[in-house]
Amino acid sequence: MSPRPKALFAMREEHLASLFPAPLLRRLDTLVDIDVTLVAESFDDPRLDLAETEILITGWGCPPLDAAVLARAPRLRGVLHAAGSVKSLVTPACWERGLVVSSAAEANAVPVAEYTVAAVLMAGKGVFALNERYQRERTFTLAEIQPSIGNNGRTVGIVGASRIGRKVIELLSPYDLDLCVYDPYTLVPGVRQVSLEELLRRSDIVSLHAPATAETRHMMDRVSLALLRDGAVLINTARGSLVDTDALIAELKSGRLSAVLDVTEPEPLPSDSPLFDLPNAFLTPHIAGSHGNELSRMGTAVVDELERLIAGSPLAHQVTHDDLERVA
């Protein structure tokens, strides 16, 4: 029987127990030789034995894997990331080494999509505006019909057919919604593909799922926001840089639009940001992604991927150099 490959955790230690609860750690221990009490928050930690490490199990807070680190880890062959984006840790030296890189982004997409679906349905029902009105007036007329709300036939535009965007479309498909999508690179079968301009003009609710790139920065600027119909709702669970914050604030102040924002630019917002006081801005503190008991889903995805790596099977969630240009 061949010896188990030596692995190392590299992330913020505070996340380890949530990502890998005890049953998952026991499963992990059957696959690799790993010290579950040792978590590298810095590769300068004198306790580390990088020279023998073959597999890194990384997470939020993992230091960059630059050429100097890799020189100290000559046997390293795989990086399995128990989080979403690997952009903060994977450097050109990793691709030059030919490291196999995998991410739990697929698992992290689940709660983001769930949050988005909840926001879409609540926005269509007028929940955010009516909550503010009820809080302000402290009363309502029983059985009064709200004529402008409802999700029957509501047009929802998805900007970006990313893994999260596609998951949102999948979860929304059973509802009586009119879905359309804009993505210049990816075709979503069964969903009407439109230009960004058409999507913005026709949608009651617009949900952003594009990656943060130079091309997408401030794609929702003054001109784009002006295309949205009166009463439209903008949802952003992707990246704050997709939206020109000043332009959005101007539209919100006019009362013409509403927004549900889990991410912003900057992040966090300055304490005096007008967004905190605008009744048509619903803010949450970057919670759409994995939190609490959702973290173990990412840990499970990593252990599943580790089994494939050790068995020599194709990875289910491998990340390539080219992927980094079009993912979050």
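Worth saying up front: this structure is predicted, and the values here are computed from it rather than measured.

Student: I tried to follow the domain arrangement of the chain on my own but got confused; where do I start?
Tutor: Considered domain by domain, the chain is made up of domain 1 (7–98 + 292–325) and domain 2 (108–283). Taking only C-alpha atoms into account, the centre of domain 1 sits 34 Å from that of domain 2. On the side of domain 2, seven residues touch domain 1, which itself brings six residues to the contact. In this assembly, domain 1 and domain 2 are joined by zero salt bridges. Put simply, domain 1 and domain 2 have zero residue pairs in polar contact (both at pLDDT 80 or more) between them. Classifying every residue of the side of domain 1 that touches domain 2 gives one nonpolar, one polar and four charged.

Student: I keep staring at the pattern of salt bridges and nothing clicks. Help me out?
Tutor: Counted according to the given criterion, the structure contains 23 salt bridges. Residue Arg 256 is joined to Asp 230 by a salt bridge in which the shortest nitrogen-to-oxygen separation is 2.9 Å. One end of the pair, Arg 256, is in the loop between helix H10 (245–254) and strand E11 (258–261); the other, Asp 230, is in the loop between helix H9 (222–227) and strand E10 (233–236), with 26 residues separating them in the sequence. One network of salt bridges, with partners in common, ties together Glu 132, Arg 133, Arg 136, Glu 137 and Glu 144.

Student: Help me understand the sheet that holds strand E7 (residues 178–182), please; the structure alone is not making it clear to me.
Tutor: Each strand in a sheet pairs with another by means of backbone hydrogen bonds, the pair being arranged parallel or else antiparallel. Read from one edge to the other, the open sheet built from seven strands follows the order E8-E7-E6-E9-E10-E11-E12, with strand pairing classed as parallel. Looking along the sheet, the strands with just one partner apiece sit at the ends: strand E8 (192–193) and strand E12 (281–283). Seen against the sheet, helix H5 (residues 105–124) touches strand E6 (155–159), strand E9 (205–208), E10 and E11 and runs at an angle of roughly 165° to E9. Across the face of the sheet, H10 comes into contact with E10, E11 and E12 while running at roughly 135° to E11.

Student: Got a minute to help me understand the UniProt feature "domain: D-isomer specific 2-hydroxyacid dehydrogenase catalytic" (unreviewed entry) in the chain in this structure?
Tutor: Per the UniProt annotation, the sites labelled "domain: D-isomer specific 2-hydroxyacid dehydrogenase catalytic" (unreviewed entry) are residues 50–319. A helix fraction of 34% and a strand fraction of 15% characterise residues 50–319, whose end C-alpha atoms lie 23 Å from each other.

Procedures and definitions
- Residues numbered from 1 in each chain as written.
- Predicted model: local features only at pLDDT ≥ 70, side-chain atom pairs only at ≥ 80, totals over all residues.
- Heavy atoms only, no water.
- Domains from an automatic or database assignment.
- Contact = heavy atoms within 4.5 Å.
- Salt bridge = Lys/Arg side-chain N within 4 Å of Asp/Glu carboxyl O.
- Polar contact = N/O pair within 3.5 Å; in protein donor to acceptor, adjacent residues only side chain to side chain.
- Nonpolar A, V, L, I, M, F, W, Y, C, P; charged D, E, K, R; others polar.
- Helix = DSSP H or I, 4+ residues; strand = E, 2+ residues; numbered from the N terminus.
- Pairing = 2+ DSSP bridges.
- Axes fitted to C-alpha atoms, helices over the stretch in contact; angles between N-to-C directions.
- UniProt positions renumbered as here; feature names shortened; annotations may be inferred.

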